[in-house]
Amino acid sequence: DGGITQSPKYLFRKEGQNVTLSCEQNLNHDAMYWYRQDPGQGLRLIYYSQIVNDFQKGDIAEGYSVSREKKESFPLTVTSAQKNPTAFYLCASRDGRVWGEQFFGPGTRLTVL
Amino acid sequence: AQKVTQAQTEISVVEKEDVTLDCVYETRDTTYYLFWYKQPPSGELVFLIRRNSFDEQNEISGRYSWNFQKSTSSFNFTITASQVVDSAVYFCALSAAGGYQKVTFGIGTKLQVIP
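All values reported here derive from a predicted model rather than from experimental measurement. (Residues numbered from 1 in each chain as written. Chains lettered and ligands numbered in written order. Predicted model: local features only at pLDDT ≥ 70, side-chain atom pairs only at ≥ 80, totals over all residues. Heavy atoms only, no water.)

*Asks:* Which residues make up the overall build of chain B, and what values do they have?
*Replies:* Within chain B, the regular secondary structure consists of zero helices and 12 strands. Helices (α) and strands (β) of chain B occur, in sequence order from the N terminus, as β-β-β-β-β-β-β-β-β-β-β-β. With respect to the three principal axes, the spread of C-alpha positions in chain B is 45 × 25 × 20 Å. Evaluated residue by residue, chain B yields a buried proportion of 43% over its 115 residues. A separation of at least 24 residues holds for 56% of the contacts in chain B among residues at least 6 apart in sequence. Just so you have it, chain B exposes about 5600 Å², and 48% of that area is on carbon and sulfur atoms. Distance between charge centroids for chain B: 5 Å, based on 10 positive and 12 negative side chains. (Helix = DSSP H or I, 4+ residues; strand = E, 2+ residues; numbered from the N terminus. Buried < 20%, exposed > 50% of the residue type's maximum accessible area, 1.4 Å probe, protein only. Contact = heavy atoms within 4.5 Å. Areas by Shrake-Rupley, 256 points an atom, 1.4 Å probe, with all protein chains shown as cover. Lys, Arg positive; Asp, Glu negative; His and termini not counted. Charge placed at Lys NZ, Arg CZ, Asp CG, Glu CD.)

Here you go:
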């Protein structure tokens, strides 16, 4: 079955540590996105990528980094510079050829202790 | 700049009541797409509908219906005869035409259907 996988579902880290969230898709989509969701704030865009080896900052990119070395993969690193990293992180992909909807992964809930 | 406003943060209805979720958007683009997504307690967003700016026909899918009005920049979502399984957070979203454009989401409306 085609879809998006995110791992792990729950992640705990100590303050000051970098952590990488995984996102993989087998839908052959060019575009991929990372969102952060906090209670009452909806989805806020962190980074998005239109094509391999290219990505753009979203609305809240500070303290985060990404890479896009393969079409299928778009990992997100939450660095120690992110002041309040505890949140629910959602990855999505989109078929740009048909201007279609985004497909979302199940999300990763990150808790920084 | 794009903006999506969902003024209703939380709504509670009794099962079998109808409920309408409001969505108002702002964009300078003449061609754009609007979306509705459902986020159940499990967390994964589920796509419900896409509408392009040239198509103002209302859409009905089972108990769900959508009313798109360009004149008021609104794309409202109605659930008829609500059920407990409809309890979720619903997001309205906006994207410029062109598949690689970023998608702007509203803050979501949390719907609770009480049995």
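Past the structure itself, the notes keep going.
*Asks:* Which residues make up the interface of chain A and chain B, and what values go with them?
*Replies:* The interface is formed by 26 residues belonging to chain A together with 22 residues belonging to chain B. Between chain A and chain B the total buried area reaches about 2000 Å² when both faces are included, carbon and sulfur atoms providing 55% of it. At the boundary of chain A and chain B, one finds four residue pairs in polar contact (both at pLDDT 80 or more). Of all the elements in the fold, those that place two or more residues in the side of chain A that touches chain B are strand S4 (31-37), strand S5 (43-51), strand S9 (87-94) and strand S10 (102-104) of chain A. Looking at the side of chain A that touches chain B residue by residue, the classes come out as 12 nonpolar, nine polar and five charged. (Buried area = accessible area lost by both parts, 1.4 Å probe. Polar contact = N/O pair within 3.5 Å; in protein donor to acceptor, adjacent residues only side chain to side chain. Nonpolar A, V, L, I, M, F, W, Y, C, P; charged D, E, K, R; others polar.)

*Asks:* Quick one: what's the story with the pairing of strand S10 (residues 88-96) of chain B, residue by residue and with numbers?
*Replies:* Two faces, one strand: in a regular strand the side chains alternate between the faces of the sheet. All names here are of chain B. By the criterion of burial, S10 is predominantly enclosed, with eight of the nine residues buried. Bridge count for strand S5 (residues 32-39) against S10 is eight bridges, and the pairing is antiparallel. Its bridge partner lying in S10, Leu34 is registered against Leu94. As paired elements, S10 and strand S12 (residues 109-114) share three bridges and run antiparallel to each other. Following the sheet pairing, Ala88 is matched in S12 by Leu111. (Pairing = 2+ DSSP bridges.)

*Asks:* If you had to explain the side chain of Gln25 of chain A to someone new, which residues and values would you point to?
*Replies:* Residue and element names in this part refer to chain A. Note that Gln25 resides in strand S3 (residues 19-25). Here the side chain of Gln25 touches Asn28 through a polar contact of 3.2 Å, landing on its backbone nitrogen. At a separation of 3.1 Å, a polar atom in the side chain of Gln25 contacts the main-chain carbonyl oxygen of Lys71. Setting aside its immediate chain neighbours within four residues, Gln25 contacts Gly3, Ile4, Met32, Arg68, Lys71, Glu72 and Ser93.

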